[in-house]
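What follows is the residue order along each chain.
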Amino acid sequence: GQGLEIEVLMDGVSVVRLPTGTFYATLLEPGLKRLQVKVHKAPKGIVLSGVEPEQVKDYNLLNLEVKQDVKHFVQVEEGLGYILLTPREEAEALKALGELVKAP
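The shown structure was predicted, so the numbers you read here are calculated from the model rather than taken from an experiment.

## Things to note about the overall build of the protein chain
Here is step 1: Each helix and strand in the protein chain was counted, giving one helix and eight strands.
Here is step 2: Shown N-terminal to C-terminal, the secondary structure of the protein chain runs as helices and strands in the order β-β-β-β-β-β-β-α-β.
Here is step 3: Expressed as a percentage of the 104 residues in the protein chain, the buried residues total 31%.
Here is step 4: Sequence-distant contacts in the protein chain: of pairs separated by 6 or more residues, those separated by 24 or more amount to 60%.

Following this line, the structure appears as structure tokens:
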């Protein structure tokens, strides 16, 4: 959503804060990871989105089984008043990454 930043947490620990239109890549140890997001208004304070922080609750969780030597891609996207975490196939994810920039 325009004017939102998404904070990604793994196993309850903040990993990165993603401004709109960005992505993040990291190496992970194999095993079950619990991904979650929190919504923050962007510093400019303009929000063109139906998502408010208090609306994003337990349905924004994704349990991801990370496997050795496998690339995993997860898309964070805004639905109508909610945030989705969706695993993606590599080809689909790489195509989408062409429209994003690496998060600071």
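## Quick look at the sheet that holds strand S1 (residues 4-10)
The strands that make up a sheet are held in pairs by hydrogen bonds between backbone atoms, and each pair lies either parallel or antiparallel.
Here is step 1: In space, the four strands of this open sheet follow the order S2-S1-S4-S5, with antiparallel pairing throughout. Two strands lie at the open edges of the sheet, namely strand S2 (13-19) and strand S5 (61-66), each paired on one side alone. Averaged over all pairs of adjacent strands, the angle between their axes in this sheet comes to 30°, without regard to strand direction.
Here is step 2: Here six bridges tie strand S4 (residues 31-41) to S5, and the two strands are oriented antiparallel to one another. For glutamine 36, the partnering residue across the bridge sits in S5 and is leucine 61.

What counts and how
- Residues numbered from 1 in each chain as written.
- Predicted model: local features only at pLDDT ≥ 70, side-chain atom pairs only at ≥ 80, totals over all residues.
- Heavy atoms only, no water.
- Helix = DSSP H or I, 4+ residues; strand = E, 2+ residues; numbered from the N terminus.
- Buried < 20%, exposed > 50% of the residue type's maximum accessible area, 1.4 Å probe, protein only.
- Contact = heavy atoms within 4.5 Å.
- Pairing = 2+ DSSP bridges.
- Axes fitted to C-alpha atoms, helices over the stretch in contact; angles between N-to-C directions.

Function cannot be read off these values alone, since they describe shape.
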